[in-house]
Amino acid sequence: MATWLITGCSTGFGRQLAATVLARGDQAVVTARRPEQVKDLVDAAPDRALGLALDVTDPAQIQAAVTAAEDRFGGIDVLVNNAGIGYFAAVEESTDDEIRRMFEINVFGLSAMIRAVLPGMRARRNGTIVNFSSIGGLRSFPAVGYYNATKFAVEGLSEALWQEVEPLGIKVLLAEPGPFRTDWAGRSANETLPEHEIADYAATAGAARASFRENTGGEPGDPARAAETIITAVTADNPPHRLLLGSPAYDMALAKLDELRAEFAAWEDLTRSADFPAEQ
């Protein structure tokens, strides 16, 4: 029986993953900024679930949650860094307060959770860390440039992390979902205020922002299937480092690779041309 600590369980992937983990008989530390939002999950399996208040930007709450989890269940086998928010605005339209808030949650909160659980995992020479990235951690889109920046940061951090901790028996997995029926584009994401909108970006960032909002709830991905896939990956003998979730994410990742190949090929042709200065 594994013990999971999952952040951001009030909605979306976190909630679905907590419910699925408990349904399969594992133990779960189910966290949210407002624990009353996850009370039903805890009440459904009171012997195996621990509900806790957790704001990943609060160091005291992070340490308290990890200590409570270890005291109750003896250790944390799987940390799932799911808590995160979005923000819709062109780069120029974005405000410092919103940018910094998103980085505090998506990057610094995730990092703080990792550092809090690693001592216990290192002592046991066992554990798995699942960091939620996004297809937006592999390629960028208009209106979510700073969100992309947070997920690119999660990708880079995770890639270094697995090189450091895998020799110690700890595994690291990046979950990279495409569009799923979660609350990501609903109340979980703020957007630029009307007074900050710039007309020149209406056809790019503005159109993308409207599309994100209009499609909320109609995305093709099913969070329940994603939860099952994550659990399958975590429990595999050799889990992947990156787990693309949903066909759109897979297609967009391959398209990004094709774009890079084309750019590299074009640059190679340029460097071979007679007009390009030779290296000294």
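All of the points below concern the structure found in this document. Every value quoted in this text rests on a predicted model; they were computed, and no experiment measured them.

**A few points about the packing of aromatic side chains**
Point 1. Scanning all chains against the criterion turns up 2 aromatic pairs.
Point 2. Here the aromatic rings of F88 and F212 are separated by 5.1 Å at their centres, their planes lie at 25 degrees, and the arrangement is stacked. On the criterion of sequence distance, the pair formed by F88 in strand β5 (residues 86-88) and F212 in helix α6 (residues 202-214) is long-range, its members being 124 residues apart.
Point 3. Residue F88 is classed as buried on the basis of its relative accessible area, which comes to 0%.

**Some words on the environment of P46**
Point 1. Tracing the backbone shows P46 in the loop between α2 (39-44) and β3 (49-53).
Point 2. The exposure class assigned to P46 is exposed, which follows from its relative accessible area of 55%.
Point 3. For the pair P46 and Q27, spaced 19 residues apart in sequence, the C-alpha separation works out to 9.7 Å.

**With respect to empty space enclosed by the protein**
Point 1. Counting across every chain of the model gives 1 cavity of 30 Å³ or more.
Point 2. Volume-wise, the largest cavity comes out at about 30 Å³.
Point 3. In terms of lining, the largest cavity is formed by T7, V56, N81, N82, A83, I105, G109, L110 and M113.
Point 4. Broken down by element, the residue count for the lining of the largest cavity peaks at 4 residues, all from helix α4 (residues 96-124).
Point 5. A per-class count over the lining of the largest cavity returns 5 nonpolar, 4 polar and no charged.

**Considering the nonpolar core**
Point 1. Among the nonpolar cores identified, the biggest contains 38 residues, and L5, L79 and I129 are the most heavily contacted of them.
Point 2. Among the elements of the structure, β3, α3 (59-73), β5, α4, α5 (145-165) and β7 (170-177) are those that each provide at least two residues to this core.
Point 3. No other element matches the 10 residues that α4 contributes to this core.
Point 4. The contact partners of L79, leaving out residues within four places of it in the chain, are L5, M113, I114, V117, M121, T128, I129 and V130.

**Overview of the sheet that holds strand β4 (residues 78-81)**
Point 1. If you trace the 7 strands from one edge of the open sheet to the other, you get β3-β2-β1-β4-β6-β7-β9, paired in parallel fashion. The open sheet has two edge strands with one neighbour each: β3 and β9 (242-245). For this sheet the average axis-to-axis angle between neighbouring strands, irrespective of direction, equals 15 degrees.
Point 2. Where α3 meets the sheet, its contacts fall on β1 (3-6), β2 (27-32) and β3, and the angle it forms with β3 comes to roughly 165 degrees.
Point 3. The strands touched by α5 are β6 (127-132), β7 and β9; relative to β7, the strand with the most contacts, the crossing angle is about 160 degrees.

Conventions used here
Residues numbered from 1 in each chain as written. Predicted model: local features only at pLDDT ≥ 70, side-chain atom pairs only at ≥ 80, totals over all residues. Heavy atoms only, no water. Phe/Tyr/Trp six-rings, centres within 6.5 Å; stacked < 30°, edge-to-face > 60°. Helix = DSSP H or I, 4+ residues; strand = E, 2+ residues; numbered from the N terminus. Buried < 20%, exposed > 50% of the residue type's maximum accessible area, 1.4 Å probe, protein only. 1 Å grid on protein atoms, 1.4 Å probe; cavity = no way out; pocket = protein on both sides within 12 Å on 5 of 7 lines; lining within 4 Å. Points joined across faces, edges and corners; volume = space filled by probe spheres on them. Nonpolar A, V, L, I, M, F, W, Y, C, P; charged D, E, K, R; others polar. Core = buried A, V, L, I, M, F, W, Y, C linked by side-chain atoms within 4.5 Å. Contact = heavy atoms within 4.5 Å. Pairing = 2+ DSSP bridges. Axes fitted to C-alpha atoms, helices over the stretch in contact; angles between N-to-C directions.

The values reported here are purely geometric and, on their own, carry no functional implication.
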